[in-house]
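This is what each chain is made of:
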Amino acid sequence: LPSYQAFNHRLNFLAPVLRSLAQTWMEMVSAASGDEGSYAVDSCPILLAKRSRSSHAKVAPEVCSKSYNSARKEWYYGVKLHAVVARHAGALPTPCALMVHTASAHDLPVAKQIMDSCRPFQGGTLYADKAYCDAAWKEELESIHSVTLRTPRKRQRGGTTTRSSDAYSSWVSAMRQPVEGFFSWLDAQTGIQSASRVRSSLGLFAHVFGRIAAAMYGLLSNP
């Protein structure tokens, strides 16, 4: 057997293969689960370093950056995994499209890229949080993809909210919750969000796509 370092070096070069496996098995999972025309979009952080260490991290600078994780209320260095998932009543949502992007990128432009290039979405409803509010994109989704975008209503500065707007926002938040459940399930199964041992961009891609591939294979083996 080679040394530990040599083995890791060779393993990292399998990143393109792992990416292809992840995509193939994800498509198989999506096809097997069906499509009810109800989707949710969001992102989750993949951390190479966090808190004070995030300011000194230098691994894979071509794909990683420093950003703030509002959910955990901490700064981190790494990337984001963006996902569009298909909702299924009473069941785990299945991923339709996944994309890895630098952590500092805003969620909205990445979502636009996913909807335009990763899968030919046609028809249905897409649920998202306030970060995805964009009137022009909403019109584009409806005209090109026949997809209706649903996001919580933003409170105007100095304005007041009504019970109806609060109820609508709560309903949208409940409808998009399955995508958060998908990220929680993926991290619990694979530990994908913790990448502190990654030392290169190839290693990062092997970490991400290897874990996605393993999770998708698990779904195929245990539907």
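You'll find the structure just up there.
Asker: Which residues make up the nonpolar core, and what values go with them?
Answerer: Counting 35 residues, the largest nonpolar core has Cys64, Leu81, Phe182, Leu204, Ile212 and Met216 as its most contacted members. Sorting the residues of this core by element identifies α2 (15–33), β1 (38–50), β3 (74–88), α5 (163–190) and α6 (201–221) as the ones contributing at least two each. Counting residues per element, this core draws most heavily on α6, which supplies nine residues. In this structure, Leu204 is in contact with Leu48, Val63, Cys64, Val79 and Val198, ignoring residues within four places of it in sequence. Among the nonpolar cores identified, the runner-up in size contains 21 residues, and Tyr39, Val41, Met99 and Val147 belong to it.

Asker: Explain helix α3 (residues 107–118) residue by residue, including any values.
Answerer: Between its first and last C-alpha atoms α3 spans 15 Å; for twelve residues at 1.5 Å apiece the expected length is 16 Å, and the two agree. Taken together, the buried positions of α3 are Asp107, Leu108, Val110, Ala111, Ile114 and Met115. Buried residues in α3, looked at end-on, bunch into an arc of 165 degrees, giving them a common side. Considering only its buried residues, α3 is in contact with β1, β3, β4 (91–102), β5 (124–127) and α4 (135–145).

Asker: Account for the environment of Gly218, naming residues and giving values.
Answerer: Summarising the element assignment, Gly218 is placed in helix α6. The exposure class assigned to Gly218 is partly exposed, which follows from its relative accessible area of 28%.

Asker: Kindly report on the pairing of β5, identifying the contributing residues and their values.
Answerer: Here β1 runs beside β5; their pairing, made up of three bridges, is parallel. Looking across to β5, one finds that Ala40 is bridged to Tyr127. As paired elements, β5 and strand β6 (residues 147–150) share four bridges and run parallel to each other. Along β6, the bridge assignment pairs Leu126 with Leu149. With α4 bridging β5 and its parallel neighbour β6, the resulting β-α-β unit is right-handed.

Asker: Quick one: what's the story with a nonpolar patch on the surface, residue by residue and with numbers?
Answerer: Together, Phe7, Leu11, Leu14, Val17 and Leu21 give the surface a local cluster of nonpolar side chains, amounting to about 400 Å² of exposed area. For the nonpolar patch, the secondary structure elements donating two or more residues are α1 (4–12) and α2. Looking at the secondary structure, you find Leu14 in the loop between α1 and α2. On the basis of relative accessibility, which here comes to 38%, the residue Leu14 falls in the partly exposed class.

So, how was this worked out
Residues numbered from 1 in each chain as written. Predicted model: local features only at pLDDT ≥ 70, side-chain atom pairs only at ≥ 80, totals over all residues. Heavy atoms only, no water. Core = buried A, V, L, I, M, F, W, Y, C linked by side-chain atoms within 4.5 Å. Buried < 20%, exposed > 50% of the residue type's maximum accessible area, 1.4 Å probe, protein only. Helix = DSSP H or I, 4+ residues; strand = E, 2+ residues; numbered from the N terminus. Contact = heavy atoms within 4.5 Å. Expected span 1.5 Å × (residues − 1). Arc of directions from axis to C-beta. Pairing = 2+ DSSP bridges. Right-handed = clockwise from strand over helix to strand, strands pointing away. Patch = residues over 30% accessible without salt bridge, like charges linked within 9 Å, V, L, I, M, F, W, Y side chains within 5 Å. Areas by Shrake-Rupley, 256 points an atom, 1.4 Å probe, with all protein chains shown as cover. Salt bridge = Lys/Arg side-chain N within 4 Å of Asp/Glu carboxyl O.

Function cannot be read off these values alone, since they describe shape.
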